[in-house]
Amino acid sequence: MSTLTVHHLGISQSERVVWLCEELGIDYEFKRYDRRADNRLAPDELKALHPAGMAPVIQDGDLVLAESGAICEYVDRKYGAEKHCLRPDHPDFADHLFWFHYTNGTFMTNGMMQLMLSMADAQNPMPGNFVADRTAKAWDQVEQRLGEAEFFGGEQLTLADIMMVYCLTTARMTRGTTLDDKPNTRAYLKRIGEREAYRRMWAKCEPGVEPNLS
């Protein structure tokens, strides 16, 4: 029996971990938490699991680990024989590595800054314009990449995809970003949505909600 438990907060980055577990076909315990009604944040029982106080969190025996990138790499290396972590001698290694880190290092950060600045002082539009420009360029970079390769990491699904797809789907639901001028991104998400593991993940994580794949 597996000792791995994945704690998932509704509409959150923890869907990445569940998707990876489904892609690997491993045994794991799944625990889902609803957001609080008053502030839409994680409930106290989930926040108490780790000092970070947010999802995702996994437990594996005595280990409690947070941060989606760290968790995905841990799970893939320990339980997946590095199936989604390309080795340095692989021709797509650098692309996989870039997009894996670009996800939370730049792409998600741009979106969060844009959201925060939209609620800031309207008397000084310069910071907002700067972040909006960075965000638009990031989306253009995504579209260009997906016109060059089937996956972010190259020819096969890697942790880069596991990380990036959340940004292009679930996170986009709260920001109103459209993909009308992004045919490569739309085609990519269609392919992702056809994966059985992705569909199993979504049915577990967000039952009754349609995934934002278009």
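As shown above, the structure is provided for reference.
So, here's what we can say about the structure. (Residues numbered from 1 in each chain as written. Predicted model: local features only at pLDDT ≥ 70, side-chain atom pairs only at ≥ 80, totals over all residues. Heavy atoms only, no water.)

The residue after alanine 55, namely proline 56, is reached through a cis peptide bond having omega 0 degrees. On the secondary structure map, proline 56 appears in the loop between helix 2 (44–47) and strand 3 (57–60). Look at isoleucine 11: it is not a glycine, yet its phi comes out positive at around 50 degrees. Structurally, isoleucine 11 can be placed in the loop between strand 1 (4–9) and helix 1 (15–24). Within the chain, alanine 81 stands out as a residue other than glycine whose phi angle is a positive 55 degrees. When you line up the elements, alanine 81 lands in the loop between helix 3 (68–79) and helix 4 (93–118). The exposure class assigned to alanine 81 is exposed, which follows from its relative accessible area of 67%. (Helix = DSSP H or I, 4+ residues; strand = E, 2+ residues; numbered from the N terminus. Buried < 20%, exposed > 50% of the residue type's maximum accessible area, 1.4 Å probe, protein only.)

The subject of this paragraph is the environment of alanine 197. Looking at the secondary structure, you find alanine 197 in helix 8 (residues 196–205). Residue classification places alanine 197 among the buried positions, given a relative accessible area of 6%. Sequence separation of alanine 197 and glutamate 23 is 174 residues, and the distance between their C-alpha atoms is 5.2 Å. If sequence neighbours within four positions are ignored, alanine 197 has contacts with Trp19, Glu22 and Glu23. (Contact = heavy atoms within 4.5 Å.)

The next subject is the pattern of salt bridges. In total, this model carries 17 salt bridges according to the counting rule given. Across the pair arginine 87 and glutamate 82 runs a salt bridge whose closest N-O atoms are separated by 2.8 Å. The exposure class of arginine 87 is exposed, given its relative accessible area of 51%. Salt-bridge contacts for arginine 145 lead to glutamate 148; the nearest nitrogen and oxygen are separated by 3.8 Å. In this pair, arginine 145 and glutamate 148 both sit in helix 5 (residues 126–148), three residues apart, roughly one turn of the helix. The exposed category is assigned to glutamate 148, whose relative accessible area is 53%. Among the charged side chains, a salt-bridge network with shared partners connects Glu73, Arg77, Glu82 and Arg87. (Salt bridge = Lys/Arg side-chain N within 4 Å of Asp/Glu carboxyl O.)

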